[in-house]
Amino acid sequence: MNLALAVDGLIAGYEPGTPIVAGASVGVAPGEIVAVLGPNGAGKSTLLKAVAGLVPIQSGQVRLGEADLIREPAHRRAALGLGYVPQLENVFAALSVEDNLALAADVGPRAGRHAQLQQALALFPEIGLRRRQLAGRLSGGQRQMLAVARALLGRPRVLLLDEPSAGLSPKIVGELFTRIRAIARGGVGILLVEQNVRAARAIADRVVVLVQGQNRLEGTPAALERDPELAALYIGRATGAGA
Amino acid sequence: MNLQFLMDGLVVGATLALGATGVTLTYANLRFANFAHGEFLSWGAYLSMTLAGLAGSLLGAPLAAREPFSIGVGLLGCALVAAALTGGLALLIDAVLFRRLRERGTAVTAVMASFGVSMALRALLEALYTTRPRYYSQELQIALPLAEGMRATPDQLAVCAVTVLLATGVTLLIGRTAIGRRMRAVAENPSLAAVVGVDVAAVIRATWLLGGALAAVAGVALGLLVQVRPSMGAELLLPMFAAAIVGGIGSVPGALIGGVIVGVAEATTVRFIGAEWRAAVSFALLIAVLLVRPSGLFGRRA
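**So, the overall build of chain B**
- When its secondary structure is counted, chain B shows 11 helices and 2 strands.
- Starting at the N terminus and ending at the C terminus, chain B contains elements arranged as α-α-α-α-β-β-α-α-α-α-α-α-α.
- On C-alpha atoms alone, chain B measures out to a radius of gyration of 19 Å, which is about the 19 Å that the 2.2 N^0.38 rule sets for 302 residues.
- Dimensions of chain B, computed from the C-alpha atoms along their principal axes, are close to 55 × 50 × 35 Å.
- Pairs at least 24 apart in sequence give 77% of the contacts found in chain B among residues at least 6 apart.

**Brief notes about helix H6 (residues 140–153) of chain A**
Residue and element names in this part refer to chain A.
- With 14 residues, H6 extends 20 Å between its outermost C-alpha atoms, agreeing within 8% with the 20 Å of an ideal straight helix rising 1.5 Å per residue.
- Here H6 lies mainly inside the structure; 12 of its 14 residues are buried.
- Among the residues of H6, Gln142, Arg143, Gln144, Met145, Leu146, Ala147, Val148, Ala149, Arg150, Ala151, Leu152 and Leu153 are the ones counted as buried.
- One or two steps after H6, the chain reaches Arg155, where phi turns positive at roughly 50°.

**Considering the sheet that holds strand S1 (residues 5–12) of chain A**
All names here are of chain A.
- Reading across the sheet, the 4 strands line up as S2-S1-S4-S5 and stay open at both edges, with antiparallel pairing between neighbours. Of all the strands in the sheet, the pair left with one neighbour each is strand S2 (21–28) and strand S5 (67–68).
- Where strand S4 (residues 57–64) meets S5, 2 bridges bridge the pair, whose relative direction is antiparallel. In the sheet register, Leu64 faces S5, and the bridge partner there is Ala67.
- Across the sheet, helix H1 (residues 44–52) touches S1, S2 and S4, and the angle it forms with S1 is around 110°.

**Thoughts on the confidence of the model for chain B**
- With 99% of its residues at a pLDDT of at least 70, chain B reaches an overall mean of 91.
- For chain B, strand S1 (residues 144–145) of chain B is the element with the lowest average pLDDT, namely 81, and helix H7 (residues 190–196) of chain B is the one with the highest, namely 96.

**What to know about the environment of Ser139(A)**
Residues and elements named next belong to chain A.
- Within the secondary structure layout, Ser139 lies in the loop between helix H5 (125–128) and H6.
- Judged by the 11 C-beta atoms lying within 10 Å of it, Ser139 falls in the exposed class.
- Separated by 29 residues in sequence, Ser139 and Leu168 have C-alpha atoms that sit 9.7 Å apart.

**So, the sheet that holds strand S7 (residues 158–162) of chain A**
All names here are of chain A.
- An order of S6-S7-S8-S3-S9-S10 is seen for the 6 strands of this open sheet, with the pairing classed as mixed. Since the sheet does not close on itself, it has two edges, and those belong to strand S6 (82–85) and strand S10 (214–219), each with one partner. Direction aside, neighbouring strands of the sheet carry axes that sit 20° apart on average.
- In this structure, S6 lies alongside S7, joined through 4 bridges in parallel fashion. The residue of S7 that forms the bridge with Tyr84 is Leu160.
- Contacting S6 and S7, H6 runs over the sheet at an angle of about 170° to S6.

**Digging into the interface of chain A and chain B**
- Contacts between chain A and chain B engage 23 residues on the former and 17 residues on the latter.
- Contributing elements (two or more residues each) for the side of chain A that touches chain B: helix H2 (74–80) and helix H3 (97–107) of chain A.
- For the side of chain A that touches chain B, the leading source of residues is H3(A), giving 6 residues.
- Considering only residue class, the side of chain A that touches chain B consists of 15 nonpolar, 4 polar and 4 charged.

**A closer look at the pairing of strand S8 (residues 189–193) of chain A**
Residues and elements named next belong to chain A.
- Along S8, 5 of the 5 residues are buried, which leaves the element largely enclosed by surrounding structure.
- Neither face of S8 is exposed, since Gly189, Leu191 and Val193 on one face and Ile190 and Leu192 on the opposite face are all buried.
- Here 4 bridges tie strand S3 (residues 33–37) to S8, and the two strands are oriented parallel to one another. Each bridged residue has a counterpart across the sheet, and for Val34 the counterpart in S8 is Leu191.
- As defined by bridge partners, S7 adjoins S8 across 5 bridges and the pair is classed as parallel. If you follow Val158 over to S8, its bridge partner there is Gly189.
- Handedness of the crossover joining S7 and S8 through helix H7 (residues 170–185): right-handed.

**Section: unusual backbone geometry**
Residues and elements named next belong to chain A.
- For Glu89, which is not glycine, the phi torsion reads 45° and is therefore positive.
- Position of Glu89 among the secondary structure elements: in the loop between S6 and H3.
- On the neighbour-count criterion, Glu89 (13 C-beta atoms within 10 Å) is partly exposed.
- Its identity is not glycine, yet Arg155 carries a phi of approximately 50°, on the positive side.
- Checked against the element boundaries, Arg155 lands in the loop between H6 and S7.
- By the C-beta count within 10 Å, which is 19 here, Arg155 ends up partly exposed.

**What about the pairing of strand S9 (residues 206–211) of chain A?**
Residues and elements named next belong to chain A.
- Of all 6 residues making up S9, 5 are buried, and the element is well covered by its neighbours.
- Two elements, S3 and S9, share 4 bridges in a ladder whose sense is parallel. Among the inter-strand pairings, Val34 is bridged to a residue of S9, identified as Arg206.

Reading the values: rules and limits
Residues numbered from 1 in each chain as written. Chains lettered and ligands numbered in written order. Predicted model: local features only at pLDDT ≥ 70, side-chain atom pairs only at ≥ 80, totals over all residues. Helix = DSSP H or I, 4+ residues; strand = E, 2+ residues; numbered from the N terminus. Rg over C-alpha atoms; globule rule 2.2 N^0.38 Å. Contact = placed C-beta atoms within 7 Å. Expected span 1.5 Å × (residues − 1). Buried ≥ 20, exposed ≤ 12 C-beta atoms within 10 Å, placed from the backbone. Pairing = 2+ DSSP bridges. Axes fitted to C-alpha atoms, helices over the stretch in contact; angles between N-to-C directions. pLDDT = per-residue confidence, 0-100. Nonpolar A, V, L, I, M, F, W, Y, C, P; charged D, E, K, R; others polar. Right-handed = clockwise from strand over helix to strand, strands pointing away.

Printed below as a string of structure tokens:
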């Protein structure tokens, strides 16, 4: 199977010699939604940041389709088709909604920008209604929608979403996940980090569980639901595997 | 009461405003106070003068003035080239020094390094041109009567007009264009800007280029209205920072209005309290703003 994103044996961290991601591997096929789960401090968010180009990578491989991303700076990774939505501070609060979107639209080729914008706004109509508003004045859910819409304007082949459900009401999470599924149906591979295990199980085609920066479990949500080790990792029960 | 001091303040404020625009952009986008910014004014002024001298030698006669101003289109052209060269100087210093410090160190390291750059650039000017004051023109200008007993020379009015023109241009650039949008994004959150696809290094280069060029224009304006000296920019450093902070760091309209506020406050102090207190005005304004409204007039609250 041709992977949209292939991360292999990734070792990454802020300081050389003290990796937070310690050999993790994950692959995402086009149109597939892969959720990364794990206890606090497992390196889930750092994994996404390293793939996006914000955390130094010490070794390993990151490929977006045929492109090797390891030596590419963050802005080039975005231009090559990698969208990343951080968990916090994911919009430019002092810029209007329109300017937030235009920043991403400017990166791609001029042709098709308008259609791309219309497509993103059709998926997130609540953002379209607030185009002239400062992004800092949006609600938490609207900010998340804007951040995803903006990432879409970069015409991504893969979207990295860091805890998109954090701080949102179940209703908003449901709405957001419906849109994420729609994006995946359009062929975009999605790698999302979730603390919310139930939500991740509901949306993901496949789940990867990280512990201490390494893969611990992997499988379909249904299979993992029955795995006693996953429950143990989350409720802190000793499993002999260490966490 | 003679309101001439207001006119004087406005003219000084216009020069400060151009310098403060560069200060505020550098501060917002690079997150450090560049104490070498004043030297860009001096270098811009000297580069203009040197280019005018070279052009005069090539033409076999000094560049002609255009009545009623004390300078002509020739020096204006030299000032434009000097602005580009000063922007280039700012880029060069960033490539050689500040970029490396940004990658490795903290903002404090860059601030301390900028002190060193400031001294080096000034010493170089002194070595090349000596500390003797120079003038773009020796012509005496007659001040034109304006309203309420105020008078201004054609050069002073031209400086104000150029400031308004450039201020409008820079405000439109930052507020309405793609590069301006990127600059605002980098000022707010460089990491997020990068993952959205903004080439942060290119935005930083544009910031240096623009800041350096505006400083050079301010230097030429100052040289035209007062004189050209190696320390001319360094002496304006504190008022420029005061203007940028009064207006709110990162805000171009803020820097412009801040410049006028500092200029008029200085002139008012000279008129009613005494010239020896002039230098204290910037300090007083700086402290007052930082205590009462640290975000300045137009800055975003933290």
